[in-house]
Amino acid sequence: MFLIIHILGLPNITVSHVTDFMNRSIKLNGAVFVSDDSPGIQEVFWSKNGEKIDIQGSGGRLSGVTIDDPSLTIRNVSQEDAGKYLLTAINAVGPNDSAVISIDVPYLYIRSEEKITGGIDCMCFTVEITSNPGPCHAQWNFKSRGEETFSPLDVNAEKYQGSTNSLPHPKLFIKEKDQLKKKIYQIKVTNFVGSTVEEISDDEIRPLQKQEENKLFKTADVVGNIAFAKLNNYLAMKFPQEKLSNLKCLLLDTKQIENAKCLKEANNARECFSILHDENLFTRNDVILMQFLCKETRCDDLYEKCIKFAKKYKALCFIENPPDNGYKKVEIHIQKDFKSFGGSQIQEIVKIVAAMLDCEHEEILVVDARPSGSVILILSVKEKYAWKFTALNEEDCQKLRKLKIDYLIMDGKSILLDTSTEISERKPVYIIDETCTQYEILMCSKCPGDAEYSCVSCPYDLCSQCKENHVKDLQTIDHDVVSHRDKINYIPTQEICVRHPSHVYTKYCEPCELPVCFYCRKHRTHRQLDVRTAYKTKQQQHRGTIHTIRSEALFYRPVLLTPIKTDIKTCHTEFSLYQSEMLTKARKLKILTDKVRNDFMYNMFCDFDFKHRCSRQKTEMNRHIVSLERYEHIYEQSAFSVLKFLSSIKKALCQIHLKLHSSQLSITESLNKEDVMELLSAIQIEERGNRRVRNQCLLKLSFGAVFHQSLTVTGVHCCFHISCVTSDRVWVSDHRNNLILTDTTGVPLYRVEDLCNGYGIHTVNSDSELIYIDRNYNINKLSKDMKITTTFIEGTDSTWRPWCVYWSLSTGDLLVGMHYKFKMTGKVTWYNQSGQLTQTMQHDNKGLQLYEKPRYITENNNGDVVVSDIDAVVVTQRGGRHRFSYTGHPTGSGLRPNGISTDALSHILVCDGRTDKVQMLNRDGQFLSELLIRPSGLFRPKSLSYDVNTHRLWVGSEDNNTVVINRYITRKDSLTDLNSATADVMESLSEIPTPGTEKQEQGNQCLLKLMSSPKLLNSLTLTGVDCCSHISCVTSDRVWVSGRYNLVLTDTTGVPLYRVEDSYSCYFGGNGVHTVNSESELIYIDRNYKINKLLKNMKTTITFIDRTYFSWVPGCVYSSPFTGDLLVGGHHEFIMTGKVSRYNQRGQLTQTMQYDNKGLQLYEKPRYITENNNGDVVVSDSDAVVVTQRGGRHRFSYTGHPTGSGLRPNGICTDALSHILVCDGRTDKVQMLNRDGHFLSHLLIRPSGIFSPWSLSYDVNTHRLWVGSEDNNTVVIYRYITRKGSLTDEIKIHAAADADDDDALLSSIPGVEC
């Protein structure tokens, strides 16, 4: 049943917010709805701090906001996203705004109380956290008085027993009160925006104690009244006089002021507030109206002051950002006019609701009260009480109806007080006639079928077929798929006891594994559970088995049928061969042989019939598959009959082990009857082990690595090594002795304190126990429950130090890579599961040294031991025989191997620190491909870990604490997502050319062409600079050139015409630090990181863009000749990350490009920036040329020729034919690419007078290329583009003019004749 809400006029808006810790994002939920007789929604948009948000210009970080779903998703939330967000909806009547949602660092409120623990008086401090986004980490710290730095507090220490860092309420117990005099304690709470720190010391607690002892403050009421008087005085003093008239209008519009005449005559805010106090509208216990006035008059500081007072003295207020943790939001619809609705009515509602829920008033927070034709009051109620709203009795409903409350909304569902029924989940614009009863047919999200299942991990409703595809696809193999009955927590009605038909089953007997009723007497002495509890418990126990059946068994069991069928077909051929051989060798004994053969076939072979055995296996396999499907079906249908499910699970799931058979026949030369009988009976069918399906039959390489997820790991500085525990939990370590257990959200779950400093220093065994090397070079084992740490292998020889470890899943042995302390040599040792040394590998079969210093170690599927040594990947057989050493591609080109891993197809994967790529080899050491080349968000891969269950590759960064998960292996018959056919609208739109630029490009293609080779036109030596790090063309004969310290304007003679004194130095990181706009004005970055504009007359310098974010440093600029916008490339001062910002001609920020469409980092440190004719933004980054479309969508990253061979890009520019030119500092050449990033040629190889080209500038008027030197102050000018031959006189005239210009330039070069 749906509810009719008759609301006239403006749109109604409700907003909320949800934090997604896994994806580091916030979703600002918005719902907009209108009444039947109101105009429809025309537009919706979000604004931040009063400015409309540009979704398209966010570079993929922001998404959503449509009329159907106005919700806004913010990805990779950071400090820049802090602010106040507002949803606006517009219809023909006009616009209406939602309540404000603030994104900020956590707000902390610390409650202190004295408690008695174990007979000891102690102080307890509890932290209440209000945070949007939700808090992700909390840490108690302490320091002694006089010390400068805080240290982490051990919450497990005896004197702090009971303390916890756990969210949502960190607690600190201090048993020795004297500690407060000696130490200062600190709580630090972090969310995606930043951190908030609050301190606790005896200085802060003592005044409170003295205040309680003071006779002037006998009661809390007196204290509260004095505080309220101070609040009233503060508000009156600080309220702006210019907003007084607005304040009066607001108060008069509320229709609650009886003394309206005095209000109109009031001369200041103090007199207005006095009237409110006299009429009990602003009291010590109710500040809601004052909050409303401060909010509407934009007095944010006064608004916050009211909230602070209300929290401290428990006054009634509304909170725009209710707590995320432990509270649930409830919307109450009240059929009253908002103008006549006041704090007294709210207080009465809170009082009655608290009595109904059996909780204290303080446990119900008033979040907001807003008009919606009538009134919507939003409360935040503790979750342990909120559920009672779904079980209201008639008496409770009657109390609420007397308050004009007709329905409640909780968890997106409405509860009608007249029927106590629930309405299905709300959707925007959902007003439906109450007289119509509607039933919603749930459709599959991937096909037109009816949905029977729902994926908990992703928002998909699935039909039966799509469910099978979903759980088999490696992309979603770890997703939790449940039936819709399970999703809504459906429990069937009670069932009748078969032994006592007049009663129903209520209990479950654990020893007998039977459901029982009250009169089943023989079970009364047994342990019994509630039947529903037993059902849920058993269902949960079998969930893992069902998941394995769905995702694995039902996938590869049918594959076993193929070799069985093949054996059936070949058995006749095989035995015919034996028969022919017998006849050939026994021709003289044909009659006897035939007799023996017939006797054998009919009397003996019936027991060994090969074909019969295979046929029997086929039948057995088919039956097994049916039993698996039936087992799954019983599980899914369990919601219809708990008893049937509980009875069926008593039978163990049958196991199947099919034997692989072979046959052979042996016949000698001399035959007699006895020999023939004996030899023929020697035909034996041997069992060669269980049938198994090889990974090569099930898996294949996908076309390139597919991004799955990215996470930022809290608690480590970088990711030197990764060890997978489960598909969603890994151990990650850095180079600073930090080792933490984390999940896919990046939040630390456990920390190891005594880690050694090294590389592959930890592994996980088959029991999910951590094995690691500690600081004393002992190898320890941490139990699965992380409570017990034992020394597995003690370091007895101080000259040999363990440097890496790996647990063999095939043998259960531990492989340890060690290096000698005083000599560059290494070895690999094997230990069994008891910690006993079983093998040592140090030399090859010629006695030569195998290893120098093993850094990472792993094992391949064939038993090979794979070691990442200092400059090679060394592979040996399990017995120690050397197989090969891989030293890079091409062979011997060099390798700096880091993290190493093998996959299900026996490939060897290694991070190459020389090229910053992940290389893939086959099991024999032959190079196959570069699997990952500068993956987005992770520029220097350091560590690898392959998850054998989900076939995903975890890749850790050397620079920061980023881990990226990719998938490059898929199942051979995995079905693609049925929704993959939907077109990528953004991608198709991005291909639409920008008006004007496409026409220009086509014109240039018709008029211009590349010359056979570049032509040198001029060479000049500049005065006033030591090198040429960047060039900006002003005219055909004037350029700005910057060196390491100076920026000068010069002409073709090299004489300085003007010098800029305050430019940003290239020596400190600046590269493309200046540009020239269409007005020939210089725009440059100064030494204070401000972007200045030097006017054309060179007499006036103005600050064009001031520096606002001090953690971001601008490094390069470019003025677009097409749009007039200024592109600014910048990098973070403390983190290896960069971004590109776009500013309009007024200096206003219009766009930021920092992430690709998957939310991954685009840039490390932009050094030069330019724009192509098609609008592409081209950036010279640390080790790649990164190209994005104008809207911010990533197009490609060029990393050298051949692909991935390495690049150190410096100066960059584009030409009239849309080529991209870049100086490669690695080869000292100028490379030419086409607009799509394909290498065309080396345009300049060691240009004349310049050994290391560093900077480029293309003159669009004369089509000349200016090239600056890294080594000295030389600039050379080339031409490599000419006009196409044409019969028109006009083009001939232009060509002649070009030749004259070239001759004039050539004549100025000494030694060159024209």
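Structure shown above.
**Student:** Got a sec to walk through helix α11 (residues 394-402)? Specific residues and values, please.
**Tutor:** By the burial criterion, the buried members of α11 are Asp396, Cys397 and Leu400. Down the axis of α11, the buried set is contained in an arc of 100 degrees. They therefore lie on one face. Of the residues in α11, the exposed ones pointing more than 90 degrees away from the buried face are Glu394, Glu395 and Lys402. Just beyond α11, the residue with positive phi is Lys404, at close to 70 degrees.

**Student:** For the pattern of salt bridges, give the residues involved together with the corresponding values.
**Tutor:** As enumerated under the stated definition, the model contains 21 salt bridges in all. A salt bridge links Glu80 to Lys1139, with the shortest nitrogen-to-oxygen separation between them at 2.6 Å. Of this pair, Glu80 sits in the loop between β6 (72-74) and β7 (83-91) while Lys1139 is found in strand β65 (residues 1138-1143), placing the two residues 1059 residues apart along the sequence. Judged by relative accessible area, which is 19%, Glu80 ranks as buried. By relative accessible area, which is 9% here, Lys1139 ends up buried. A network of salt bridges, in which partner residues are shared, links Asp916, Arg940, Asp959 and Glu1164.

**Student:** Explain the sheet that holds strand β45 (residues 873-876) to me, using residue names and the numbers behind them.
**Tutor:** A sheet is described by the order of its strands in space; here four strands give the open sequence β43-β44-β45-β46, paired in antiparallel fashion. The strands lining the two open edges of the sheet, one partner per strand, are β43 (856-859) and β46 (882-886). Going across the sheet, the axis of each strand differs from the next one's by a mean of 15 degrees, ignoring polarity. The pairing of β43 with strand β44 (residues 865-868) spans four bridges and is antiparallel. The residue bridging Tyr856 from the neighbouring strand is Ser868, located in β44.

**Student:** Before we move on, could you go through the packing of aromatic side chains and cite the residues and values that matter?
**Tutor:** By the definition in use, this model includes 15 aromatic pairs. Measuring from centroid to centroid gives 6.0 Å for Phe228 and Phe309, while their planes differ by 50 degrees, and the two rings are tilted. Residue Phe228 is located in helix α3 (residues 220-238), and its partner Phe309 is located in helix α8 (residues 300-313); the two are separated by 81 residues in the primary sequence. Its relative accessible area of 6% is what places Phe309 among the buried residues. The rings of Phe720, Tyr759, Trp803 and Tyr856 are connected pair by pair, giving a single aromatic cluster. Taking NZ or CZ as reference, Lys827 lies 4.3 Å from the ring centre of Trp800, over its face. Taking NZ or CZ as reference, Arg855 lies 4.2 Å from the ring centre of Tyr759, over its face.

The rules behind the values
- Residues numbered from 1 in each chain as written.
- Predicted model: local features only at pLDDT ≥ 70, side-chain atom pairs only at ≥ 80, totals over all residues.
- Heavy atoms only, no water.
- Buried < 20%, exposed > 50% of the residue type's maximum accessible area, 1.4 Å probe, protein only.
- Helix = DSSP H or I, 4+ residues; strand = E, 2+ residues; numbered from the N terminus.
- Arc of directions from axis to C-beta.
- Salt bridge = Lys/Arg side-chain N within 4 Å of Asp/Glu carboxyl O.
- Pairing = 2+ DSSP bridges.
- Axes fitted to C-alpha atoms, helices over the stretch in contact; angles between N-to-C directions.
- Phe/Tyr/Trp six-rings, centres within 6.5 Å; stacked < 30°, edge-to-face > 60°.
- Lys NZ or Arg CZ within 6 Å of the ring centre and 35° of its normal.

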